[in-house]
Amino acid sequence: MKDTALANKRYLIVDDDDFSCDVLQSVLTHLGCSDIHYATNGHTALSLARQHQPDFVLLDIYMPEADGWTMLSQLRAVLPNASILMVTGTGMQADFLKSIDAHADGFCIKPVATEILQKALLNALNRRQHRVPTSH
């Protein structure tokens, strides 16, 4: 089920759980995406963000060292035009509300179904295309 609007974009998955990274990568691959990188910690995430300049970041909320909220602001500084979606396995309403307050571009609960991730990515892409780009 290739999605041409999403297939040619660059992705960064940030999650301390290897299995979650594999599942998200599999879902993205199913959508036709191939430029996918992943990091299991904040330091690697920032390095890969600088190196690959992803269009989308799928960011886990609960990670050791630097949680998703800390990483969100750090990644925004490095990737001002990227869409950052918060991804969590908890499904707590407080996380959803905090994502809105933190200006995340989307929110998904793991495990993420292909159709739900696709819709969240397309919504984020649509919002990004309608906002004024930030210069570097």
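Everything below is about the structure shown above.
The structure displayed is predicted, hence computed values, not measured ones.

Novice: Would you mind going over the side chain of Ser 20 with me for this structure?
Specialist: By the element assignment, Ser 20 lies in helix H2 (residues 18–30). Setting aside anything within four residues of it in sequence, one finds Ser 20 in contact with Asp 15 and Lys 110.

Novice: Teacher, can you tell me more about the pattern of salt bridges here?
Specialist: Once their charged atoms are close, side chains differing in charge can pair, the charge on each being opposite to the other. Scanning the model with the defined rule gives five salt bridges in all. For Lys 110, the salt bridge goes to Asp 60, with nearest N and O atoms at 3.3 Å. Of this pair, Lys 110 sits in the loop between strand S5 (106–109) and helix H6 (114–129) while Asp 60 sits in strand S3 (residues 56–60), and the two are 50 residues apart along the sequence. Among the residues examined, Lys 110 registers a relative accessible area of 18% and is labelled buried. On the accessibility criterion, Asp 60 (4% relative accessible area) is buried. In the salt-bridge network here, residues are joined through shared partners; they are Arg 10, Asp 55 and Arg 128.

Novice: Can you walk me through a negative patch on the surface in this structure?
Specialist: Side chains of Asp 16, Asp 17, Asp 18 and Asp 22 sit close together on the surface and give a patch of like negative charge. Relative to the helices and strands, Asp 22 resides in helix H2. Take Asp 22: its relative accessible area is 41%, and that puts it in the partly exposed class.

Novice: What should I look at first to understand helix H4 (residues 68–78) in this one?
Specialist: Side chains that are three or four residues apart share a direction in an α-helix, a result of its 3.6 residues per turn. Looking at H4, one finds that the buried residues are Gly 68, Trp 69, Met 71, Leu 72, Leu 75 and Val 78. Of the surrounding elements, those touching the buried residues of H4 are helix H3 (42–52), S3, strand S4 (83–88) and helix H5 (93–101). Taking the backbone nitrogen of Trp 69 as reference, a side-chain oxygen 3.1 Å away marks Asp 67 as the first, capping residue of H4.

Novice: Hey, could you run me through the packing of aromatic side chains in this one?
Specialist: Two aromatic rings, taken as a pair, are described by how far apart their centres are and by the angle between their planes. According to the stated counting rule, one finds two aromatic pairs in the structure shown. A ring pair is formed by Tyr 11 and Phe 56, whose centres lie 5.2 Å apart and whose planes are at 10 degrees; its orientation type is stacked. Separated by 45 residues along the polypeptide, Tyr 11 in strand S1 (residues 10–14) and Phe 56 in strand S3 bring together distant segments of the chain. The pair formed by Tyr 11 and Phe 56 is uniform in burial state, with each residue classed as buried. Ring centres of Phe 96 and Phe 107 lie 5.4 Å apart, and the angle between their planes is 75 degrees; on these two criteria the pair is classed as edge-to-face. Here Phe 107 lies in strand S5 and Phe 96 lies in helix H5, a separation of 11 residues in the sequence. For Phe 96, a relative accessible area of 39% translates into the label partly exposed. Looking at Arg 128, its charged tip hangs above the ring of Phe 56, at a distance of 5.1 Å from the centre.

What counts and how
Residues numbered from 1 in each chain as written. Predicted model: local features only at pLDDT ≥ 70, side-chain atom pairs only at ≥ 80, totals over all residues. Heavy atoms only, no water. Helix = DSSP H or I, 4+ residues; strand = E, 2+ residues; numbered from the N terminus. Contact = heavy atoms within 4.5 Å. Salt bridge = Lys/Arg side-chain N within 4 Å of Asp/Glu carboxyl O. Buried < 20%, exposed > 50% of the residue type's maximum accessible area, 1.4 Å probe, protein only. Patch = residues over 30% accessible without salt bridge, like charges linked within 9 Å, V, L, I, M, F, W, Y side chains within 5 Å. Areas by Shrake-Rupley, 256 points an atom, 1.4 Å probe, with all protein chains shown as cover. Lys, Arg positive; Asp, Glu negative; His and termini not counted. Charge placed at Lys NZ, Arg CZ, Asp CG, Glu CD. Polar contact = N/O pair within 3.5 Å; in protein donor to acceptor, adjacent residues only side chain to side chain. Phe/Tyr/Trp six-rings, centres within 6.5 Å; stacked < 30°, edge-to-face > 60°. Lys NZ or Arg CZ within 6 Å of the ring centre and 35° of its normal.

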